[in-house]
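Residue-level listing of the chains:
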Amino acid sequence: MKSVEVKGRTVEEAIDEALKLLGVPREWVEVEVLDVPSRGILGLARKDARVRVTVQRSRADLAREFIEGIVRRMGVDAAVEVRRAGGALHVDVVGKDVGFLIGKRGQTLQALEYLLKIATAGSEGGDEQLVLDVGGYRRRRERQLEDLANRAARQVMRTGKPVMLEPMDARSRRTIHLALQRHPGVSTHSEGEEPNRRVIVSPKT
Amino acid sequence: MLRDLVEFIVKSIVDNPNGVQVKEVEGERACVFEVRVATEDMGKVIGKQGRVVRAIRTLVQAAAAKEGKRAAVEILE
């Protein structure tokens, strides 16, 4: 969480200085007065005010501001939707020309999601799972992976032999495992080292 | 506009946004953005095994490509 300790002649001056340093408005912060100023006697033993000012924003607010700030600076006309579902914070970027934010195999989307996590990590609920989607890419990809998992399962049932899928990132592998979790005839596990780790679908023994 | 983007991203990540400076250097083939941050924020903008700076580059390059440009981001000490 962003936080600064600042001294000033008065408490108000110290707070103003802290807000300037943090670059945020008054409504976003919590102020803790560490030292009350005292004038001392005849200007001796004068003590400055000392405050600790901490940015207090919810992760949902921060996430929206971060993504909106980026999208605006890229000159893209898009809306940012933030919602909670299944114990995770979902941030969706919706718009006409958002495709370039996905990138080759979702690389740009991954990068943006990673930066979003870092930019909001210090806020309240910073350890909550966070999922960024652009133009429904993740949802489509999830459906493709589920189809792939079901095709592999059918092949395993037909041939009785294990099927090795292409290497995938952890999230995609998880989608495959979940898709076949309740399948009566096959089981799944992963083999290999990142980034070549892949899922194996095998007949249930 | 790209410079603005680089500055916004970096300021959102560091603890000390006031210590962030971004200079744009026009190269022959690409714009280079030279980023300076407060010493204590160096680790934050670079990240474990350079993961943060790599993500910044990916994003800035995507934004540059959209405008038919090339861009590079360098973190200076």
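Residues numbered from 1 in each chain as written. Chains lettered and ligands numbered in written order. Predicted model: local features only at pLDDT ≥ 70, side-chain atom pairs only at ≥ 80, totals over all residues. Heavy atoms only, no water.

J.: Summarise the layout of surface pockets; cite the residues concerned and give the values.
T.: Counted as a void, the largest pocket has a volume near 1600 Å³. Where the lining of the largest pocket is concerned, the elements lending two or more residues are strand 4 (78-85), strand 5 (88-95), helix 3 (107-120), strand 6 (129-134), helix 4 (137-159) and helix 5 (170-180) of chain A together with helix 3 (51-66) of chain B. No fewer than three residues from each of domain 2 (59-135) and domain 3 (140-203) of chain A sit in the lining of the largest pocket. Among the secondary structure elements, those contributing two or more residues to the lining of the second largest pocket are helix 2 (59-73) and helix 3 of chain A together with helix 1 (2-13) of chain B. Broken down by element, the lining of the second largest pocket gets its largest block of residues, 7 residues, from helix 2 of chain A. Residue composition of the lining of the second largest pocket, by class: 14 nonpolar, 7 polar and 11 charged. (1 Å grid on protein atoms, 1.4 Å probe; cavity = no way out; pocket = protein on both sides within 12 Å on 5 of 7 lines; lining within 4 Å. Points joined across faces, edges and corners; volume = space filled by probe spheres on them. Helix = DSSP H or I, 4+ residues; strand = E, 2+ residues; numbered from the N terminus. Domains from an automatic or database assignment. Nonpolar A, V, L, I, M, F, W, Y, C, P; charged D, E, K, R; others polar.)

J.: Now, about the environment of Arg3(B): what can you tell me, with residues and values included?
T.: Residue and element names in this part refer to chain B. Within the secondary structure layout, arginine 3 lies in helix 1. Considered as a pair, arginine 3 and glutamate 34 are 31 residues apart in the sequence and their alpha carbons are 9.6 Å apart. When residues no more than four places from it in sequence are discounted, the contact partners of arginine 3 are Val22, Glu24 and Phe33. (Contact = heavy atoms within 4.5 Å.)

J.: How would you summarise the sheet that holds strand 6 of chain A if you had to cite specific residues and measurements?
T.: Backbone-to-backbone hydrogen bonds pair the strands of a sheet. The strands run either parallel or antiparallel. Residue and element names in this part refer to chain A. Taken together, 3 strands build an open sheet; the order of strands is 4-5-6 and the sheet is mixed. With one partner strand each, in any of the chains shown, strand 4 and strand 6 form the two edges of the open sheet. On average, adjacent strands in this sheet sit at an angle of 15 degrees to one another, irrespective of strand direction. Sheet analysis places strand 5 next to strand 6, joined by 6 bridges and oriented parallel. (Pairing = 2+ DSSP bridges. Axes fitted to C-alpha atoms, helices over the stretch in contact; angles between N-to-C directions.)

J.: Describe the interface of chain A and chain B, naming the residues involved and giving the relevant values.
T.: A common measure of how large an interface is: the accessible area buried when the components associate. Residue-level contacts link 22 residues of chain A with 21 residues of chain B. For the pairing of chain A and chain B, the buried interface totals around 2000 Å² over both sides, and the portion due to carbon and sulfur atoms is 72%. In this structure, the connection of chain A to chain B is made through 1 salt bridge. Here Asp4(B) makes a salt bridge to Arg73(A), at a shortest N to O gap of 3.8 Å. Summed over the shared surface of chain A and chain B, the number is 1 residue pair in polar contact (both at pLDDT 80 or more). Counting residues per element, the ones that place at least two in the side of chain A that touches chain B are helix 1 (11-22), helix 2 and helix 3 of chain A. (Buried area = accessible area lost by both parts, 1.4 Å probe. Salt bridge = Lys/Arg side-chain N within 4 Å of Asp/Glu carboxyl O. Polar contact = N/O pair within 3.5 Å; in protein donor to acceptor, adjacent residues only side chain to side chain.)

J.: Can you tell me about the domain arrangement of chain A, naming the residues and giving the values?
T.: Entries for chain A in the domain assignment read domain 1 (3-55), domain 2 (59-135) and domain 3 (140-203). Domain 1 of chain A and domain 3 of chain A are separated by 58 Å when their C-alpha centres are compared.

J.: Any details on the packing of helix 1 of chain B against helix 3 of chain B? Residues and values, ideally.
T.: Residues and elements named next belong to chain B. Direction vectors running N to C along helix 1 and helix 3 enclose 155 degrees, while the axes themselves pass 10 Å from each other. Relative to helix 3, the element helix 1 is oriented roughly antiparallel. Between helix 1 and helix 3 lies a crossing whose hand is right-handed. Here helix 1 contributes Leu2, Leu5, Val6, Ile9, Val10 and Ile13 to the contact with helix 3, which in turn contributes Val52, Ile56, Leu59, Val60, Ala63 and Ala64. The residue makeup of the contact of helix 1 with helix 3, split by class, is 12 nonpolar, no polar and no charged. (Parallel < 35°, antiparallel > 145°, perpendicular 65-115°, else oblique. Left-handed = near helix turned anticlockwise from the far one by under 90°.)

J.: Let's hear about the pattern of salt bridges: which residues, and what values?
T.: All names here are of chain A. Counted under the stated rule, the structure contains 21 salt bridges over all chains. Here arginine 52 and glutamate 5 are joined by a salt bridge, their closest N and O atoms 3.2 Å apart. A residue pair is termed long-range when its members are at least 10 positions apart, and arginine 52 in strand 3 (residues 49-55) and glutamate 5 in strand 1 (residues 3-8) qualify at 47 residues. A relative accessible area of 45% places glutamate 5 in the partly exposed class. One salt bridge connects aspartate 92 with arginine 83, and the closest N-O pair in it is separated by 3.0 Å. Overall, the relative accessible area of 40% leaves arginine 83 in the partly exposed class. (Buried < 20%, exposed > 50% of the residue type's maximum accessible area, 1.4 Å probe, protein only.)

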